[in-house]
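# Fold and contact review
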Amino acid sequence: MSFELMALPYAEDALEPHISANTMSFHYGKHHKGYVDKMNDAINGTDMDGMSLEEVIAKAKKDGNQGLFNSAAQTWNHDFFWKSMSPGSTAPSGDLAAAIDKAFGGVEEFGKAFKTCATGQFGSGWAWLVADGDGLAVMGTANADLPLVQDKTALLTCDVWEHAYYLDYQNKRDAFVDVFLNNLINWDFAQENWENR
Ligand code: MN3
């Protein structure tokens with residue numbers, strides 16, 4: 001049994017003009033698909049066949065199987081990234097908005113902390129809003145690494161690998177992060193993750 005590439009929650013051109021259909025077609029159709037294919041090649045016919053994605057990630061981590069960890073974690077990270085965005089981005093509400101006020105002093109201050117994290121991540125990686133105990137935190141991870149293996153619950157993520165923004169923003173990661181923060185965040189998804197933590 002193989003993992004399937006997750007269906008995008010919206011059309012490839014749905015996030016235009018912020019993320020082009022061209023970027024989506026490479027990022028989703030080539031990069032994300034490539035991770036899924038590589039993971040399937042590594043687990044088919046092994047005792048990991050039939051495990052959940054989270055179980056594969058945990059086992060690869062425990063076994064020190066860096067190649068499999070990378071492709072499985074990148075599969076999870078991209079699934080989560082697509083869901084972290086929406087063509088109908090709104091504002092945080094309810095108890096997540098209250099938690100953001102408490103942790104950061106407001107959504108604008110959260111944005112500043114998230115942007116500092118995302119632009120400060122050296123090389124490839126991810127910026128996250130996570131539930132950490134009863135509160136919220138912003139954290140960065142390098143390469144394929146993810147909060148799941150650090151006992152933190154992810155609420156939102158932004159992919160800061162160059163392939164996420166290079167076609168649309170060239171080297172201007174800060175411009176891409178601004179667009180993510182101001183135009184793309186799916187706060188309903190974050191709220192759901194906050195409630196289910
Ligand atoms: Mn990516």
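These notes cover the structure that comes with them. Here the structure is a predicted model, which is why all the values come from computation and not from measurement. (Residues numbered from 1 in each chain as written. Predicted model: local features only at pLDDT ≥ 70, side-chain atom pairs only at ≥ 80, totals over all residues. Heavy atoms only, no water.)

### Quick notes on the sheet that holds strand S2 (residues 135-142)
Spatially, the 3 strands line up as an open sheet ordered S2-S1-S3, and their pairing is antiparallel. A single partner strand is all that each edge strand has here, and the edge strands are S2 and strand S3 (153-159). Taking each pair of neighbouring strands and ignoring which way they run, the sheet shows an average axis angle of 25°. Strand direction decides the pairing type here: strand S1 (residues 125-132) and S3, joined by 6 bridges, are antiparallel. Across the sheet, the residue bridging to Leu 129 is Leu 156, located in S3. Strands S1 and S3 of the sheet are contacted by helix H3 (residues 66-83), whose axis makes an angle of about 85° with S3. (Pairing = 2+ DSSP bridges. Helix = DSSP H or I, 4+ residues; strand = E, 2+ residues; numbered from the N terminus. Axes fitted to C-alpha atoms, helices over the stretch in contact; angles between N-to-C directions. Contact = heavy atoms within 4.5 Å.)

### Topic: a negative patch on the surface
On the surface, Asp 95, Asp 188, Glu 192 and Glu 195 cluster together into a patch of negative charge. Broken down by element, the negative patch gets its largest block of residues, 3 residues, from helix H8 (residues 187-195). Looking at where Glu 192 falls in the secondary structure, it is placed in helix H8. The exposure class assigned to Glu 192 is partly exposed, which follows from its relative accessible area of 44%. (Patch = residues over 30% accessible without salt bridge, like charges linked within 9 Å, V, L, I, M, F, W, Y side chains within 5 Å. Areas by Shrake-Rupley, 256 points an atom, 1.4 Å probe, with all protein chains shown as cover. Salt bridge = Lys/Arg side-chain N within 4 Å of Asp/Glu carboxyl O. Lys, Arg positive; Asp, Glu negative; His and termini not counted. Charge placed at Lys NZ, Arg CZ, Asp CG, Glu CD. Buried < 20%, exposed > 50% of the residue type's maximum accessible area, 1.4 Å probe, protein only.)

### What to know about the environment of Val 179
You can see Val 179 is positioned in helix H7 (residues 173-184). For Val 179, a relative accessible area of 13% puts it in the buried group. With 116 residues separating them along the chain, Val 179 and Asp 63 place their C-alpha atoms 38 Å apart. The contacts of Val 179, once residues within four sequence positions are left out, are His 18, Tyr 169 and Leu 184.

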